[in-house]
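Summary of the model geometry
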Amino acid sequence: MAQPFALDRFLPLLNSCCTLQDGVLVSSSAAEGTFEVLNPATQEVIARLANQTAADTEEAIDRAEAALPAWRAMPAKSRSALLKQWFALIQQHADDLALLMTLEQGKPVAEALGEVQYGASFIEWFAEEAKRAYGEVIPSPMSNRRLVTVRQGIGVVAAITPWNFPNAMITRKVAPALAAGCTIVLKPSEETPLSAIALLTLAREAGIPEEVFQLVMSTRAADIGDVMCHDSRVRKLTFTGSTPVGKLLMRQCADTVKKLGLELGGNAPFIVFDDADIDAAIKGLMLAKFRNAGQTCICANRVLVQDGIYDTFAERLAQAMDALTVGNGTEQGITTGPLINERAVAKVERLVNEAREAGAKVIRGGQRDSSGQGFYVPTLVTQATADMSLCREEIFGPVAPLIRFSTEEEAVAIANDTPFGLAAYFYSRDIGRAWRVGEALEYGMVGINEGGISNEVAPFGGVKESGLGREGSRHGLEEFMEIKYLCMGGV
Ligand code: ADP
């Protein structure tokens, strides 16, 4: 299927790196080989980019290190002004950024536009926070000494980001790093590098110096990760991606004792109690489960429904799911795009088949969608149990397994029985239960009667094997700073 528009409309956004040759975006810099970027809805090649190497990564770190003193010394207000300019340019190009994201990632354009706005919100927020990196004056226990703290940017930062939010996972790391006075080298996912190039182009247009924010684009993820982790000049590694890769990076960073920010996998429970507002719970679940075709780390992975409303809830959810329309995200009215690649579809297929074999009932869907190779029908599974692989592994697809429970204690026990602890959701109108369950859930984020919890002002992050640190909010800036204590004697 041909693109409904010519790719040359994106050249102004990609001119830091690409030209158009024979209808494909091609990066101009020479390197060892190239890699292809596919449109997951059509499997067409949309770009062919230089496949960068470990040596390129080292050179980028050299430049980031050299640029650090001047960037760090710049008044926070000046760095803030550059970030605001970047934010303004993203607003100006929001529609093209969204379309470009849909082409490489698959999510419907309206949703992509939502992500562009969400991503930009971190730049605006950290432009503001840059000016508020306060230290403190500590009342001294000695009359001749004065004790103060100052906060300083940690130094060169390395970042590795995933494909499911090709824009926002970048801005959520780059904006606070730059605001804090750090320089940053970013390796975006090889599946979605074009959104990263576009963000870089606009950052340069905004006046952010070239060496302060650099990209390394490559399929040689392990080689590049290795350099980033072992280089002692890199003082912080920030990563969003899978738990196994996060653990590997954590081990690799041990030798240089780097500060780590890790946003890893989740296994979000979505609990609906008998006393819930069912309409609100369905609405919340549709958002928490099906956005981005289920490919977010805070997507509801297991839906726990109390006995008394289980059958009604399943019926109502099946009806709500009829409103989902699968197809190419560039077309009008599509709510559910393709999964990112064949591996992702095969995983969803395996999990649903294993659940079926273990006794679960597939009420709706349960197979690939006829729209094309990467598509899967939004699926509802009932009679799921907590021990099924479908409820233990991250599905990352449009499948909702419903588990039946009878008591609050049982729901909390099932919800907490996982090594992950990123996001959880529950619906109840009982205020006592809202507090009890909110406190008992071992998760970094809990949506109470709400399915959309993420925004720039709130701390995003997990506990247990879901990660370390927080992104967004005022804590997101602290993650890129060190506290320095100054003790002044002889007063
Ligand atoms: P996903 O399953 O969501 O693709 P990954 O953890 O594999 O999650 O990928 C997230 C990011 O981590 C991507 O940018 C990917 O290229 C990168 N990555 C994958 N393997 C490694 C590795 N061994 N070292 C460093 N980065 C890696």
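Now for a description of the structure that goes with this document. (Residues numbered from 1 in each chain as written. Predicted model: local features only at pLDDT ≥ 70, side-chain atom pairs only at ≥ 80, totals over all residues. Heavy atoms only, no water.)

**So, unusual backbone geometry**
As a reminder, the rule being used: The numbering of helices and of strands both runs from the N terminus, where a helix is a DSSP run of H or I of at least 4 residues and a strand a run of E of at least 2. Each residue is assigned to one of three classes by its accessible area relative to the maximum for its type, calculated with a 1.4 Å probe on protein chains only: buried under 20%, partly exposed between the two thresholds, exposed over 50%.
One non-glycine residue, Gln43, lies in the positive phi region at around 65°. Examined against the element boundaries, Gln43 turns out to sit in the loop between strand 3 (34-38) and strand 4 (45-50). Even without being a glycine, Lys464 presents a positive backbone phi close to 50°. Assignment of secondary structure puts Lys464 in strand 20 (residues 463-464). On the accessibility criterion, Lys464 (38% relative accessible area) is partly exposed.

**Considering the sheet that holds strand 3**
The following threshold applies: Pairing between strands is defined by DSSP: at least two bridges between the two strands are required. Here an angle of 0 to 180 degrees is reported between the N-to-C directions of two axes, which are lines fitted to C-alpha atoms, with helices fitted over the stretch in contact. Two residues qualify as a contact provided that any one of their heavy atoms is within 4.5 Å of a heavy atom in the partner residue.
Pairing is mixed in the open sheet, where four strands are placed in the order 1-2-4-3. Since the sheet does not close on itself, it has two edges, and those belong to strand 1 (18-21) and strand 3, each with one partner. For this sheet, the mean inter-axis angle between neighbouring strands, taken without regard to orientation, is 25°. Where helix 7 (residues 193-205) meets the sheet, its contacts fall on strand 1, strand 2 (24-27), strand 3 and strand 4, and the angle it forms with strand 4 comes to roughly 65°.

**Overview of the site of the ligand**
Using the following cut-off: For each residue, the test is whether any non-hydrogen atom lies within 4 Å of the molecule or strand; if one does, the residue is near. We define a polar contact as two N or O atoms separated by no more than 3.5 Å, with the added condition that, inside protein, one atom must be a possible hydrogen donor and the other a possible acceptor, whereas residues neighbouring each other in sequence contribute only through side-chain atom pairs. Surface exposure here means Shrake-Rupley accessible area, sampled with a 1.4 Å probe, where a residue is shielded only by the protein chains that are shown. Note on residue classes: Ala, Val, Leu, Ile, Met, Phe, Trp, Tyr, Cys and Pro are nonpolar, Asp, Glu, Lys and Arg are charged, and everything else, Gly too, is polar.
Neighbouring residues of the ligand: 17 residues in total, closest Thr161, Trp163, Lys187, Glu190 and Ser242. Within the side chain of Glu190, an N or O atom sits 2.6 Å from an oxygen atom of the ligand. At 2.6 Å from an oxygen atom of the ligand is found a side-chain nitrogen or oxygen belonging to Ser242. Here the ligand, which alone exposes 550 Å², has 80% of that area covered by the protein. Of all elements in the fold, only helix 8 (221-230), strand 10 (234-240) and helix 9 (243-252) reach the threshold of two or more residues within the shell around the ligand. Here the residues of the shell around the ligand are counted per class, giving nine nonpolar, six polar and two charged.

**So, helix 7**
Selection criterion: Given a helix with a known number of residues, its expected span is that number minus one, times 1.5 Å.
With 13 residues, helix 7 should cover 18 Å at 1.5 Å per step; its first-to-last C-alpha distance of 18 Å lies within 8% of that length. Counting buried residues along helix 7, 11 of its 13 residues qualify, which places the element largely inside the surrounding structure. Within helix 7, the full set of buried residues consists of Pro193, Leu194, Ser195, Ala196, Ile197, Ala198, Leu199, Leu200, Thr201, Leu202 and Ala203.

**Some details on the state of the cysteines**
Formally, a disulfide is one covalent bond, and it connects the sulfur atom of one cysteine to the sulfur atom of another. Let me state the cut-off plainly: Whenever a pair of cysteine sulfur atoms sits within 2.5 Å, that pair is classed as a disulfide.
Throughout the structure, instances matching the rule amount to zero disulfides. In this structure Cys391 is not part of a disulfide, and its nearest cysteine sulfur, from Cys299, lies 15 Å away. Under the relative-accessibility criterion, Cys391 is labelled buried at 2%.

**Observations concerning the packing of helix 5 (residues 109-129) against helix 6 (residues 168-180)**
Just so we agree on the cut-off: We call two directions roughly parallel when the angle between them is under 35 degrees, roughly antiparallel when it is over 145, roughly perpendicular when it lies between 65 and 115, and oblique otherwise.
Axis separation between helix 5 and helix 6 bottoms out at 8 Å; the angle between their running directions is 10°. The orientation of helix 5 relative to helix 6 falls into the category roughly parallel. In contact with Glu115, Tyr118, Gly119, Phe122, Ile123 and Phe126 of helix 5, helix 6 contributes Ala168, Thr171, Arg172, Ala175, Pro176 and Ala179. When grouped by side-chain class, the residues that make up the contact of helix 5 with helix 6 number eight nonpolar, two polar and two charged.

**Remarks on the sheet that holds strand 10**
Spatially, the six strands line up as an open sheet ordered 9-8-7-10-11-21, and their pairing is mixed. The open sheet has two edge strands with one neighbour each: strand 9 (213-215) and strand 21 (467-468). The sheet contact formed by strand 11 (residues 259-263) and strand 21 spans two bridges and is antiparallel. What sits directly across from Glu263, in strand 21, is Gly467. Each of strand 7 (156-160), strand 8 (183-187), strand 9, strand 10 and strand 11 touches helix 6; the most contacted strand, strand 8, lies at about 165° to it. Strands strand 7, strand 10, strand 11 and strand 21 of the sheet are contacted by helix 9, whose axis makes an angle of about 170° with strand 10.

**Overview of the packing of aromatic side chains**
For any pair of aromatic rings, geometry is given as the distance between the ring centres together with the angle between the planes. The condition is simple: Stacked, tilted and edge-to-face are the three classes assigned to paired rings of Phe, Tyr and Trp, where Trp is represented by its six-membered ring and a pair needs centres within 6.5 Å; plane angles under 30 degrees give stacked, over 60 edge-to-face, the rest tilted. Charges are assigned to positions over rings by a cutoff of 6 Å between ring centre and Lys NZ or Arg CZ, combined with an angular limit of 35 degrees from the ring normal.
The full count for this structure, using the stated rule, is seven aromatic pairs. Consider the rings of Trp163 and Phe396, whose centres lie 5.8 Å apart with planes at 85°: the pair is edge-to-face. With Trp163 in the loop between strand 7 and helix 6 and Phe396 in the loop between helix 13 (389-392) and strand 16 (399-405), this pair connects stretches of sequence that are 233 residues apart. In this pair, the class of Trp163 matches that of Phe396, namely buried. Ring pairs connect the aromatic residues Phe270, Tyr425 and Tyr427, which therefore count as one cluster. In this structure, Arg172 is placed above the aromatic ring of Phe460, and the distance from its NZ or CZ to the ring centre is 3.9 Å.

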